[in-house]
Structure formats: structure tokens, C-alpha cells
Amino acid sequence: MPAPQWFFRFIYDRESTAWGRRRDEPEHRDMVERTADELADVVAPPGPVADLGCGPGAHALALARRGYDVVGVDGSPRMIEIARTRAARDGVDATFDVHDVNAPLRFADATLGGVLAILVLQHLPHPAAFIAEIRRCLRPGGHLLITAPARDSASLTSQSLYWRLRAACYHLVPGAVRFYDTNSLPRLVEEQGLIIVECNGESGRVTVLARA
């Protein structure tokens, strides 16, 4: 069982500015653009698309710039504040709402063309229920692109001492987060009625693309 949700909300509220800066670093900016391109390859604009656990809004904004109707959702009020500020600053039309993704999602059945869930699953006490909610919201033929952390040493080699210590805590403290691999993540997604299109393991994470 991961740490309580109040703990992650507390941490991410206080890390929100750091996450915003991190998403602007060239390496992370390139990763955001690749992720947006991957979803854009299978979901035609305008979508609509939901970015669940959107953080400071980098992925949602990248998709909005590509012509998608995007709603970014996060349980951290401070993250949503930063995402809204970035959207206004850049003149990008995207919606951002505070919402705990552990609760039922505020989307009607079969209304979404695509869903992003980037590095959020590891924090959730009931990951299967989260995937089932996504399945409910996706229209037939809609796609989910989801990533989760894999247990390896890649995240321990960041140039930033803070991010190295953070990653070490997650690796070393039992139950702080859930780790996945190229077997467990697609199995979890498939068990909720989605069809696996692709599964890739890369440095520090595993990614699944699935279709409703």
C-alpha cells in the first residue's frame, strides 16, 4: 500500500515550483513532446483528452498546442495554480481542475478520445479502480497512454541532489510507492477491459498504450 494521499498532496504542493522548472529542462521538455506525439499518433484532434495527475500542466499544454481539447486534473491545488498560470502566460487554451483521481472522474461515460496518466499510478491505493474509471470514460476506440515507475537505478543518477534523494526514498522505504514492469502494468490495464496496443520498458519507467 503506497503512502497516504495527504502525504503526496502535501509533497507535491511544496514541490510544484520545482516540478514546473524541471519540466522546462531540455531533457524533460523533449520527453513531454515525445509523449504528446505518441498520443497524437492514435487520437485525432480535438479529442477530447484528459491528463490525469497533470502536475504543472506540461503534457496538457503540449496537447492543447496541437489542437486538442484538454482537461488537466490533479489533486494538488498548487500544481493546478501553476498549470493555469502557464496556460495564461503562453496563451494556450486548456482547462485545469483540482480533483483527487482516487475519486470517480468527472467525465461522462464514453466521452473521451484519449487519456494521459503519466507517473500517477504508483501513488494510488486502488490502481485497478483508477484504470476502470478511465475505461468507463473512454469512448470505443479511445486510447490510454499510461506510464509508471520501474525499479532500477536510473532515477538515482540525477544531477540534482534533491531528486536523487527523493528517488532513493521511494526505492528504499518499503511501500512508499508501487513499482511496475513490462508484465505487471499491461496485465493491470488489460484486466480492466482495455486492449494493449504497445508496452515499452525504458530507463526508470514502463509505458503502456491501450485501446478501449
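Conventions adopted
Note on numbering: residues in each chain are counted from 1, in written sequence order. Local features are withheld for residues below a pLDDT of 70 in this predicted model, meaning they are given only at 70 or higher, and side-chain atom pairs are given and counted only at 80 or more; totals for whole chains, interfaces and linings count all residues. Each side-chain value is worked out from all heavy atoms of the structure, with water and hydrogens disregarded. What counts as a helix is a DSSP run of H or I of at least four residues, what counts as a strand is a run of E of at least two, and both are numbered from the N terminus. Partly exposed describes any residue whose relative accessible area lies between the buried limit of under 20% and the exposed limit of over 50%, with all areas from a 1.4 Å probe on protein chains only and scaled to the type maximum. Whether two residues touch is decided by their heavy atoms; if any such pair falls within 4.5 Å, the residues are in contact. Computed with the Shrake-Rupley method and a 1.4 Å probe, the accessible areas treat only the protein chains shown as cover for residues. We define a salt bridge as a side-chain nitrogen of Lys or Arg found within 4 Å of a carboxyl oxygen belonging to Asp or Glu. Note on terminology: a nonpolar core comprises buried Ala, Val, Leu, Ile, Met, Phe, Trp, Tyr and Cys residues joined through side-chain atoms within 4.5 Å. Any two strands are treated as partners once DSSP identifies two or more bridges connecting them. The angle between two axes is taken between their N-to-C directions and runs from 0 to 180 degrees, where each axis is a line fitted to C-alpha atoms and a helix contributes only its stretch in contact. Crossovers are marked right-handed if the path from the first strand over the helix to the second runs clockwise, as seen with the strands pointing away from the viewer.

Visitor: Explain the overall build of the protein chain here, please?
Guide: Along the backbone of the protein chain there are seven helices and seven strands. A buried classification covers 50% of the 212 residues belonging to the protein chain. Put simply, 70% of the contacts in the protein chain that link residues at least 6 apart link residues at least 24 apart. As presented, the protein chain carries roughly 9,900 Å² of accessible surface, and 54% of it is formed by carbon and sulfur atoms.

Visitor: I'm lost on the environment of L185 in this one. Help?
Guide: Counting through the fold element by element, L185 comes out in helix α7 (residues 184-191). For the pair L185 and A148, spaced 37 residues apart in the sequence, the C-alpha separation amounts to 7.8 Å. Setting aside chain neighbours within four positions, we find L185 in contact with L121, I146, A148, Y180, V206 and V208.

Visitor: Any chance you could explain the pattern of salt bridges here in plain terms?
Guide: When the charged atoms of two side chains with opposite charge come close together, those side chains can pair. The final tally for this structure, using the stated rule, is eight salt bridges. The partner of D37 in a salt bridge is R66, and the shortest N-O contact between them spans 2.8 Å. Residue D37 is found in helix α2 (residues 26-40), and its partner R66 is found in the loop between α3 (58-65) and β2 (70-74); the two are separated by 29 residues along the sequence. We note a salt bridge from D90 to R65, for which the minimum N-O separation is 3.0 Å. On the criterion of sequence distance, the pair formed by D90 in helix α4 (residues 77-90) and R65 in helix α3 is long-range, its members being 25 residues apart. Residue classification places D90 among the partly exposed residues on the basis of a relative accessible area of 33%.

Visitor: Got a minute to help me understand the nonpolar core in this structure?
Guide: Across soluble globular proteins, you tend to see nonpolar side chains buried next to one another. Of all hydrophobic cores here, the largest spans 29 residues; its most connected members are L52, F130, I131 and L144. Sorting the residues of this core by element identifies β1 (49-52), β4 (112-118), α5 (127-137), β5 (138-149), α7 and β7 (205-211) as the ones contributing at least two each. If we skip the residues at most four places from it in the chain, I131 touches L121, L144, I146, L188, V189, Q192 and L194.

Visitor: Hey, could you run me through the sheet that holds β4 in this one?
Guide: Strand pairing in a sheet takes place through backbone hydrogen bonds and is either antiparallel or parallel in direction. If you walk across this open sheet you meet the seven strands as β3-β2-β1-β4-β5-β7-β6, and the pairing is mixed. Sheet topology places β3 (95-98) and β6 (195-202) at the edges, where each strand pairs with a single neighbour. In this sheet, neighbouring strand axes are inclined to one another by 15° on average, regardless of whether the strands run parallel or antiparallel. Across four bridges, the pairing between β1 and β2 is parallel. Within β2, the residue paired with D51 across the bridge is G72.

Visitor: Whenever I open this one, the environment of A60 confuses me. Can you help?
Guide: Checked against the element boundaries, A60 lands in helix α3. Measuring from C-alpha to C-alpha, the distance between A60 and V70 comes to 6.1 Å, with ten residues separating the pair along the chain. When sequence neighbours within four positions are dropped, the list of residues in contact with A60 reads D51, V70 and F96.

Visitor: For this particular structure, what's the right way to read the pairing of β2?
Guide: For a regular strand, side chains alternate in direction, first toward one face of the sheet and then toward the other. Judged by how many residues are buried, β2 sits mostly within the fold: four of five residues are covered. Handedness of the crossover joining β1 and β2 through α3 is recorded here as right-handed. Assessed by its sense of winding, the connection that carries the chain from β2 through α4 to β3 is right-handed.

Visitor: What exactly am I supposed to notice about unusual backbone geometry here?
Guide: Negative phi values dominate among residues other than glycine, just as trans dominates among peptide bonds. With omega at 10°, the peptide bond leading from P45 into P46 counts as cis. Relative to the helices and strands, P46 resides in the loop between α2 and β1. With phi around 55°, L119 is a residue other than glycine that occupies positive phi space. When its relative accessible area of 23% is taken as the criterion, L119 is described as partly exposed.

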